[in-house]
Amino acid sequence: MHSINQQITKFKTTSQFVSIKRDDLIHPFVSGNKYRKLKYNLLEAKSQKATTLLTFGGAFSNHIAAVAYAGRENGLQTIGVIRGDELENQIAQNPTLKFAHESGMQFKFISRAAYKDKESSDFLLALQEEFGSFYLLPEGGTNDLAVKGCEEILTPEDAIFDYICCAVGTGGTIAGIINSALPHQKVLGFPALKGDFLSNDIRKFANNERWELITDYHFGGYAKVTPELILFMNSFYEQTKIPLDPVYTGKMVFGVYDLIQQNYFPKDARILMIHTGGLQGVDGMNQKLAQKKWPKIIFDVKKT
């Protein structure tokens, strides 16, 4: 799809050095873990001579935006099954859906109740009858090929680190990182969702147990934030010029900083945080923050 452009930035917290790997920089529109998850799926779709990608997502889904652009870049039609039929008349006002639409994605809006059955055989059969044959990508993009792509996030240069930290959504990204981490490294995952059900999902793909989920930094659940989180992200950006997204990486970085304050890590531990992208969702989040009269995310994504 695109040439890989990574960089690692090292900086000091109040008491410890940490580094962040800018996987968000590897593609301007299909950034971070979305690039990784799509890489081998796109190759497989082409090998099957598929002409259409179909997937699922919500109003501000990084996955929807990434699939739409990657499809266009690779000459494939894209269909997005969108959670929330009320969104059908809000495409122009929704930054993510507007971008996906402009990238050529066709939408099918369904109710939240119907969306819960999206993986059922009857639902998928109905989609085939409506749209014809397609290459199916699961919500969030996690499958065996996605994990294979995420195994490439870590490189030999990362062997110097003792802890690898990343945000967790569906579990595919951390599974890939777990599989490629070295025996002396521990992987810490920071779920963006409430609950501990993700452990079982991760174990479907992970090949070892040198990892742990830190479940205290979801800030209320998926796509939920607090003023404290936004102010932390803004402060982090002012100090490092590194933008964070509020749904995933922002929560992970907040968590790592808080654990450092709690002396969770050994004093000389070498810590690497993975920036998995997701910055396209900032504009939509700022719309929601403005409605609540909360602080907004201060950086301009278009300038980063």
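Residues numbered from 1 in each chain as written. Predicted model: local features only at pLDDT ≥ 70, side-chain atom pairs only at ≥ 80, totals over all residues. Heavy atoms only, no water.

Trainee: Just checking my understanding: could you explain helix α2 (residues 62-73) for this structure?
Mentor: Because the α-helix completes a turn every 3.6 residues, residues three or four places apart line up on one side. Taking 1.5 Å of rise per residue, 12 residues should cover 16 Å, and α2 covers 16 Å from first to last C-alpha, within 8% of that figure. Within the span of α2, buried status applies to N62, H63, I64, A65, A66, V67, A68, Y69, A70 and G71. Buried residues in α2 make contact with α1 (32-47), β3 (52-57), β4 (77-83) and α3 (95-102). Backbone nitrogen of H63 and a side-chain oxygen of the N-cap are separated by 3.1 Å at the start of α2; the cap is S61. Following α2 by one or two positions, G75 has its phi on the positive side, about 70 degrees. (Helix = DSSP H or I, 4+ residues; strand = E, 2+ residues; numbered from the N terminus. Expected span 1.5 Å × (residues − 1). Buried < 20%, exposed > 50% of the residue type's maximum accessible area, 1.4 Å probe, protein only. Contact = heavy atoms within 4.5 Å. Polar contact = N/O pair within 3.5 Å; in protein donor to acceptor, adjacent residues only side chain to side chain.)

Trainee: Please clarify how unusual backbone geometry should be interpreted in this entry.
Mentor: Trans peptide bonds make up the majority, and among non-glycine residues the majority have a negative phi. A positive phi is found at K49, a non-glycine position, where the angle reads about 60 degrees. Residue position: K49 is located in the loop between α1 and β3. With a phi angle near 65 degrees, A223 is a residue other than glycine that sits in the positive phi range. You can see A223 is positioned in the loop between β9 (211-213) and α9 (227-240). Here A223 falls in the partly exposed class, since its relative accessible area comes to 22%.

Trainee: Before we go on, may I ask you to explain the pattern of salt bridges in this structure?
Mentor: Side-chain pairs of opposite charge can arise where the charged atoms are in close proximity. Enumeration over the complete set of coordinates arrives at 13 salt bridges. Here E130 ties to K108 by a salt bridge, and the two come within 3.1 Å at their closest N and O atoms. Of this pair, E130 sits in helix α5 (residues 121-131) while K108 sits in strand β5 (residues 106-110); the two residues are 22 residues apart in sequence, bridging distant segments of the chain. Among the residues examined, K108 registers a relative accessible area of 21% and is labelled partly exposed. One salt bridge connects D201 with K204, and the closest N-O pair in it is separated by 3.5 Å. Here the residues in one salt-bridge network are R83, K118 and E139, joined through shared partners. (Salt bridge = Lys/Arg side-chain N within 4 Å of Asp/Glu carboxyl O.)

Trainee: What's the story with the side chain of D158 in this structure? I'm lost.
Mentor: Checked against the element boundaries, D158 lands in the loop between α6 (144-150) and β7 (163-168). Only 2.5 Å separates the side chain of D158 from the side chain of K21, close enough to count as a polar contact. Those residues within four positions of D158 in sequence are excluded, and the remaining contacts are I8, K21, I153, Q185 and L272.

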